[in-house]
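Geometric and topological summary
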Amino acid sequence: MSQYIERYQRRKLISSYFSVALSIALVLFLLGVLGLLVLNTKKLADHFKEQITISVFLKDSAKPVEIDQLQKSLALAEYTKSAEYISKEDAAEQYSEDIGENFEEFLGYNPLKNSIDVNLKADFVSPQQIDEIAEDLAAKAYVDEVSYDKPLISLLNNNARKISLWILVASAIFTVIAVLLINSSIRLSIYSKRFIIKTMQMVGATKTFIRRPFIWTNIKLGMVGAVIALIGLGVLVYYIDKNFPELNLLQDYIVLIILFVSVFGLGVIISWASTHFATQRFLNLRTDDLYY
């Protein structure tokens, strides 16, 4: 009978430790995902900004040497990420593929123009700067038209600011929720041992002596939960890097180290603080209050 009770108590203890470690891991994983978003918000916004294209349409009278000089000057410009020359023949072929029929046969000629597609660096993607760049390019004698999606640029800039703000707000809220959830899990674990805490205190054990094993146990659980969360976070980062290599998440190893260390540190600090205050609460209660 005593062996059965001992096995039951051991299983109950292991189950309690497992639930605490798992709850810490889940909460820290969510915090890590939010931290990943916060640290890479600008990179994500820059990625979308650099998809904006300015199309410089050239006059039919433009000489090959002028086109070549313009492309080279654009490629070397401080605001340019990439500059690609697209001939009217290539443009017509692509357009025919898009619409599913050869429009040249219907019209009898190719109405499209030679062009240079310019992708800008993210720092230069704003309505004012793009307007200045477009005006400068349009002033050239052999340039027929400069085209870009102005409403999209304004929308992209406005949404990037809003998203950054809301991610910060959400991160702050979830950090508070994370602390409360981990604190609740640890408090429940310690609540089940409140009579042991009071018994130790009644036989003369100091508060520091009583707190020490509880703090050390829950710090180890916090470490285990943090390691589980970091494994999940590492898998997520690897998956994102494989499917979206342009974000270069794995190359920015300093940011990842900061994130991983912060998540691990949070697991330890929150576990320590929650255990300290939970045990202190039961140490300060009267014996009669332990039953409520």
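Residues numbered from 1 in each chain as written. Predicted model: local features only at pLDDT ≥ 70, side-chain atom pairs only at ≥ 80, totals over all residues. Heavy atoms only, no water.

1. Overview of the overall build of the chain
For the chain, the count of helices and strands is 10 helices and four strands. From first element to last, N terminus to C terminus, the chain shows the α and β order α-α-β-α-β-α-α-β-α-β-α-α-α-α. Out of the 292 residues in the chain, the part that is buried amounts to 37%. (Helix = DSSP H or I, 4+ residues; strand = E, 2+ residues; numbered from the N terminus. Buried < 20%, exposed > 50% of the residue type's maximum accessible area, 1.4 Å probe, protein only.)

2. So, the sheet that holds strand β3 (residues 115-120)
The four strands are arranged β2-β3-β1-β4 in an open sheet whose pairing can be described as antiparallel. Sheet topology places β2 (80-86) and β4 (143-147) at the edges, where each strand pairs with a single neighbour. Put simply, the sheet's adjacent strands are angled 20 degrees from each other on average, direction ignored. With four bridges joining them, strand β1 (residues 53-58) and β4 adopt antiparallel strand pairing. Following the sheet pairing, Phe57 is matched in β4 by Glu145. Packed onto the sheet, helix α3 (residues 64-76) meets β1, β2, β3 and β4 and runs at close to 160 degrees relative to β2. Packed on one face of the sheet, helix α6 (residues 127-138) meets β1, β3 and β4 and runs near 165 degrees to β4. (Pairing = 2+ DSSP bridges. Axes fitted to C-alpha atoms, helices over the stretch in contact; angles between N-to-C directions. Contact = heavy atoms within 4.5 Å.)

3. Some remarks on the packing of helix α8 (residues 194-202) against helix α10 (residues 253-284)
The contact between α8 and α10 brings their axes to 9 Å, and the two run at 60 degrees. Considering the angle they form, α8 stands oblique to α10. At the point where α8 passes α10, the crossing takes the right-handed sense. Taking contact as the criterion, the partners of Arg194, Ile197, Lys198 and Gln201 in α8 are, on α10, Thr279, Phe282 and Leu283. Residues of the contact of α8 with α10, tallied by class, amount to three nonpolar, two polar and two charged. (Parallel < 35°, antiparallel > 145°, perpendicular 65-115°, else oblique. Left-handed = near helix turned anticlockwise from the far one by under 90°. Nonpolar A, V, L, I, M, F, W, Y, C, P; charged D, E, K, R; others polar.)

4. Thoughts on the packing of helix α7 (residues 150-191) against α10
At a minimum axis separation of 9 Å, α7 and α10 run at an interaxial angle of 45 degrees. Here α10 runs oblique to α7, going by the angle between their axes. Helix-helix and strand crossings are classified by hand; for α7 and α10 the assignment is right-handed. For the pair α7 and α10, the contacting residues are Val179, Ile182, Asn183, Ile186, Arg187, Ile190 and Tyr191 in the first and Ile270, Ser271, Ser274, Thr275, Ala278, Thr279, Arg281 and Phe282 in the second. Partitioned by chemical class, the residues of the contact of α7 with α10 number eight nonpolar, five polar and two charged.

5. Digging into the side chain of Ser271
With respect to the element layout, Ser271 can be found in helix α10. Using a relative accessible area of 0% as the deciding quantity, one classes Ser271 as buried. For Ser271, the side chain forms a polar contact with the main-chain oxygen of Gly267, separated by 2.6 Å. The residues contacting Ser271, other than those within four sequence positions of it, are Ile24, Ile186, Asn218, Ile219, Gly222 and Leu266. (Polar contact = N/O pair within 3.5 Å; in protein donor to acceptor, adjacent residues only side chain to side chain.)

6. Considerations on the pattern of salt bridges
For the structure shown, the criterion picks out three salt bridges. Residue Asp131 pairs with Lys150 through a salt bridge whose shortest N-O separation is 3.3 Å. You can see Asp131 sitting in helix α6 and its partner Lys150 sitting in helix α7, a full 19 residues away along the chain. Residue Lys150 is classed as partly exposed on the basis of its relative accessible area of 40%. (Salt bridge = Lys/Arg side-chain N within 4 Å of Asp/Glu carboxyl O.)

7. Some points on the UniProt feature "transmembrane region" (unreviewed entry) in the chain
The feature "transmembrane region" (unreviewed entry), as annotated in UniProt, sits at residues 20-39, 163-186, 221-241 and 253-273 in this numbering. End C-alpha atoms of residues 20-39 are separated by 28 Å, and the span's content is 100% helix alongside 0% strand. With 100% helix and 0% strand, the stretch residues 163-186 has end C-alpha atoms that lie 34 Å from each other. (UniProt positions renumbered as here; feature names shortened; annotations may be inferred.)

8. Points about the packing of aromatic side chains
Given two aromatic rings, their pairing is described by the distance between the two centres and the angle made by the two planes. Using the criterion set out here, one finds one aromatic pair in the structure. The interplanar angle of 65 degrees and the centroid separation of 6.4 Å between the aromatic rings of Tyr79 and Phe124 together place this pair among those described as edge-to-face. Of this pair, Tyr79 sits in the loop between α3 and β2 while Phe124 is found in the loop between β3 and α6, placing the two residues 45 residues apart along the sequence. (Phe/Tyr/Trp six-rings, centres within 6.5 Å; stacked < 30°, edge-to-face > 60°.)

9. Examining a negative patch on the surface
Taken together, the side chains of Glu84, Glu89, Asp90, Glu93 and Glu97 make up a negatively charged region of the molecular surface. With four residues, the top contributor of residues to the negative patch is helix α4 (residues 88-99). Relative to the assigned elements, Glu84 resides in strand β2. (Patch = residues over 30% accessible without salt bridge, like charges linked within 9 Å, V, L, I, M, F, W, Y side chains within 5 Å. Areas by Shrake-Rupley, 256 points an atom, 1.4 Å probe, with all protein chains shown as cover. Lys, Arg positive; Asp, Glu negative; His and termini not counted. Charge placed at Lys NZ, Arg CZ, Asp CG, Glu CD.)

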